[in-house]
Amino acid sequence: MKAVVLAAGQGTRIRPLSHSVPKPMLPVADRPLVAHTIDAAIDAGADEIVLVIGYEADTVREYFGPEYRGVPVSYAVQTEQAGTADAVNAASEHLDGPFAVLNGDNLYDPAAIAQLFEQCPAVCAIEVDDPRNYGVLSTDGDSVSGIVEKPADPPTNLANAGAYAFPEAARKWLEVPESDRGEHEITDVLATVIDEFDVSPVTLSRWLDVGRPWELLEANEWKLSVLERRVDGDVSEDAHLEGDVVVEPGATVKSGVVIEGPALIRSGATVGPNAYVRGATLIDEGAKVGHAAEVKNSVLSRDASVSHLSYVGDSVLGRDVNLGAGTNVANLRHDDAAIEFTVKGERVSTGRRKFGIVAGDDVKTGINSSLTPGLKLSPGATTKPGETVDRDR
Ligand code: TTP
């Protein structure tokens, strides 16, 4: 079966991280987010991947090329991000026979994707305690009987998880009218498939929709926790690695460093001397953690640098970020309340007691900068030496 993977979105809620890197290409453990989705499709037996690209399309195309893991990859360009049904419609001419549709910014439990393919027509669902903010499936015996968006009175606790296996006939139904929020939505295509076919629900044991920056941290917490210890890089005899720590070839871990896994130190990265890395932490290619710095449960993107005597907790640093010596990130409020973060101009709760900062590409902080929890720094933003920053900039 061909798998259409949607990766054309602008990722407005995950800004500033999506400023120059499209959301599906943000790092999740040892590969981009969308590579996990594509891997799940290939493991389930997909014989071709059709990637729908749009925003920052070349980055996606360059990474996957014409073939990925021996499976052909073709590309459909969605010129305007007019909705998920419009995205699949852009791929329509690549399709023949039944086809799967997966969101390129979702992490799925891979076994369920295999089941989805086998049970086509089918849709993946996740059981949630409060489904009122989701598309909710209603069921009749073993089949899905309908889907309703954000119902006040949900018929089940099965939330739509954005993974579908459609019969060939669905190709004819891809042109759906605009929804109330002004998009052409794949759930309206699903509604027609439900009317015409017996659609099986496939329940996922684990699922994550990566929409906002802290969900990128959660994605890394998930995918780092399944890595198995492997030490191929240059690790000092005086370094202490505990648990599932992966040090890739070409990475350097200097004397006196303590790393408590799960952690991934990617090729070209340097840690130490005397640094402490803990929690689920990704130190991406070329990134640096200097002397006496501590990094906890964070993502350091490519070529980011945390200088000596600094602390970074529960944070995401974009590419080429440079934190000056003594920069400290606070990740906990005195009142223990959940940390808030600005998404599309509004402060929203992250639901996390511990959350630090999100720094866009090329942010530079002066020495001894103090950064407060839930702070967003735009690409290229700077701070002065000794500054306390408690407002987004
Ligand atoms: P969304 O998460 O709704 O959109 P987005 O990724 O652009 O993020 P944001 O809402 O923060 O701006 O999209 C779900 C999936 O569908 C995601 O993988 C992107 C993809 N998509 C497209 O490919 N084309 C589109 O027109 C839309 C709306 C989404």
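Sequence order as written defines residue numbering, which begins from 1 separately in each chain. Owing to the predicted nature of the model, reporting of local features is limited to residues with pLDDT of at least 70; listing and counting of side-chain atom pairs is limited to 80 or more, with chain, interface and lining totals taken over all residues. Side-chain calculation: all heavy atoms of the structure are included, whereas hydrogens and water are not.

Colleague: Would you mind showing me how to read the overall build of the protein chain here?
Modeller: Secondary structure follows DSSP: runs of H or I at least 4 residues long count as helices, runs of E at least 2 residues long count as strands, and numbering of each begins at the N terminus. For the protein chain, the count of helices and strands is six helices and 39 strands. For the protein chain, whose C-alpha radius of gyration is 22 Å, the value lies close to the compact-globule estimate of 21 Å for 393 residues. The C-alpha extent of the protein chain, read off along each of the three principal axes, is 65 × 45 × 35 Å. Summary of the burial criterion: residues with accessible area below 20% of their type's maximum are buried, those above 50% are exposed, and those between are partly exposed, where the area comes from a 1.4 Å probe applied to protein chains only. Burial status across the protein chain gives 56% buried among its 393 residues. Should any heavy atoms of two residues lie within 4.5 Å, those residues are considered in contact. Within the protein chain, contacts between residues at least 6 apart in sequence are counted, and of these 49% link residues at least 24 apart. In this setup the radius of gyration rests on C-alpha atoms only. A globule is expected at 2.2 Å times the number of residues raised to 0.38.

Colleague: What is the right way to look at the nonpolar core in this model?
Modeller: The nonpolar side chains of a soluble globular protein tend to be buried, and buried together. Side-chain atoms within 4.5 Å link the members of a nonpolar core, which is a set of buried Ala, Val, Leu, Ile, Met, Phe, Trp, Tyr and Cys residues. In terms of nonpolar packing, the biggest core is built from 68 residues, with Ile38, Ile49, Leu51, Phe64, Ile113, Leu116 and Phe117 touching the most fellow members. No other element matches helix H1 (residues 33-43), which puts seven residues into this core. Each of domain 1 (2-211) and domain 2 (223-389) accounts for three or more of the residues forming this core. Sequence-distant contacts of Leu51, defined by excluding residues within four places in its chain, comprise Val5, Ala7, Val34, Ile38, Val60, Phe64, Val73, Ser74, Tyr75 and Ala76. Ala275, Val295, Ala304 and Leu377 belong to the second-largest nonpolar core, a separate cluster that totals 35 residues. Where each domain starts and ends comes from a domain assignment, either automatic or drawn from a database.

Colleague: I keep staring at the packing of aromatic side chains and nothing clicks. Help me out?
Modeller: Aromatic ring pairs are defined here through the distance separating the ring centres and the angle between the ring planes. Working definition: a ring pair exists when centres of Phe, Tyr or Trp rings (six-membered ring for Trp) sit within 6.5 Å. Plane angles under 30 degrees give stacked, over 60 give edge-to-face, the rest tilted. Under the criterion given, the structure shown has eight aromatic pairs. Taken together, a centroid distance of 5.0 Å and an interplanar angle of 75° make the contact between Phe64 and Tyr68 edge-to-face. Residue class for Phe64 comes out buried when judged on its relative accessible area of 3%. The rings of Tyr63, Phe64 and Tyr68 are connected pair by pair, giving a single aromatic cluster. In this arrangement the basic side chain of Arg61 is found over the ring face of Tyr75, its NZ or CZ atom lying 5.2 Å from the centre. In our convention, an over-ring charge means Lys NZ or Arg CZ found within 6 Å of a ring centre and within 35 degrees of that ring's normal.

Colleague: Explain the side chain of Asn106 here, please?
Modeller: For Asn106, the location among the structural elements is in strand E8 (residues 106-108). Polar side-chain contacts of Asn106 include one of 3.2 Å to the side chain of Trp207. Discounting chain neighbours no more than four positions away, the residues touching Asn106 are Thr37, Ala161, Trp207, Leu208, Asp209 and Val210. Within 3.5 Å is the distance limit for a polar contact, defined as a pair of N or O atoms, with the added protein rule that one can donate a hydrogen and the other accept it, and that residues adjacent in sequence qualify only through two side-chain atoms.

Colleague: Please explain the sheet that holds strand E36 (residues 364-365) as it appears in this structure.
Modeller: Strand pairs in the sheet, formed through backbone hydrogen bonds, run parallel or antiparallel to each other. Here, a strand pair is defined by DSSP locating no fewer than two bridges between the strands. Spatially, seven strands are ordered E16-E19-E22-E25-E28-E31-E36 in an open sheet, and the strand pairing comes out parallel. Among the strands making up the open sheet, the edge pair consists of strand E16 (234-235) and E36. Relative to E36, strand E31 (residues 322-323) is paired through two bridges, and the arrangement is parallel. Considered in E36, the bridge of Asn322 is made with Lys364.

Colleague: Just to check I follow, could you spell out unusual backbone geometry for this structure?
Modeller: With an omega of 0°, the peptide bond between Cys120 and Pro121 qualifies as cis. Tracing the backbone shows Pro121 in the loop between helix H4 (110-118) and strand E9 (122-127). Pro262 follows Gly261 through a cis peptide bond whose omega is 5°. Along the polypeptide, Pro262 turns up in the loop between strand E20 (258-260) and strand E21 (263-265). Of note in this structure, Lys150 is not a glycine but carries a positive phi near 40°. In this fold, Lys150 is placed in the loop between strand E11 (143-149) and strand E12 (158-166). For Lys150, a relative accessible area of 53% gives the class exposed. Non-glycine residue Leu309 carries a positive phi angle of around 60°. By relative accessible area, which is 52% here, Leu309 ends up exposed.

Colleague: Is there a simple way to explain the site of the ligand in this structure?
Modeller: Every one of the 19 residues lining the ligand counts as a neighbour, but Leu6, Thr12, Arg13, Gln78 and Gly83 are closest to it. A distance of 2.9 Å separates an oxygen atom of the ligand from a polar atom in the backbone of Gly83. Taking Asp105, its side chain carries an N or O atom lying 3.2 Å from an oxygen atom of the ligand. Every accessible area reported is derived by Shrake-Rupley at a probe size of 1.4 Å, with residue values counting cover from the shown protein chains alone. When the free accessible area of the ligand is taken as 570 Å², the share hidden by the protein chains comes to 87%. For the shell around the ligand, the secondary structure elements donating two or more residues are strand E1 (2-7) and helix H3 (84-90). Any residue with a heavy atom positioned within 4 Å of a molecule or strand is treated as near that molecule or strand.

Colleague: Honestly, the pattern of salt bridges in this entry has me stumped. Any pointers?
Modeller: By salt bridge we mean one thing: a side-chain nitrogen of Lys or Arg within 4 Å of a carboxyl oxygen of Asp or Glu. For the coordinates displayed, the defined rule picks out 25 salt bridges. For Arg181, the salt bridge identified is with Glu185, shortest N-O distance 2.8 Å. Accessibility expressed as a relative area gives 61% for Arg181, which makes it exposed. The salt bridge partner of Arg266 is Glu248, with a shortest N-O separation of 3.0 Å. With Arg266 in the loop between E21 and strand E22 (270-271) and Glu248 in the loop between strand E18 (245-247) and strand E19 (252-253), this pair connects stretches of sequence that are 18 residues apart. Residues Arg266 and Glu248 agree in their burial class; the two are buried. A network of salt bridges, in which partner residues are shared, links Asp30, Arg31, Asp39, Asp43 and Arg69.

Colleague: Sorry, what's going on with the UniProt feature "domain: Mannose-1-phosphate guanyltransferase C-terminal" (unreviewed entry) in the protein chain here?
Modeller: UniProt positions are given in the numbering used here, feature names are shortened, and annotations may be inferred rather than shown by experiment. Under the feature "domain: Mannose-1-phosphate guanyltransferase C-terminal" (unreviewed entry), the UniProt entry names residues 259-351. With 0% helix and 42% strand, the stretch residues 259-351 has end C-alpha atoms that lie 27 Å from each other.

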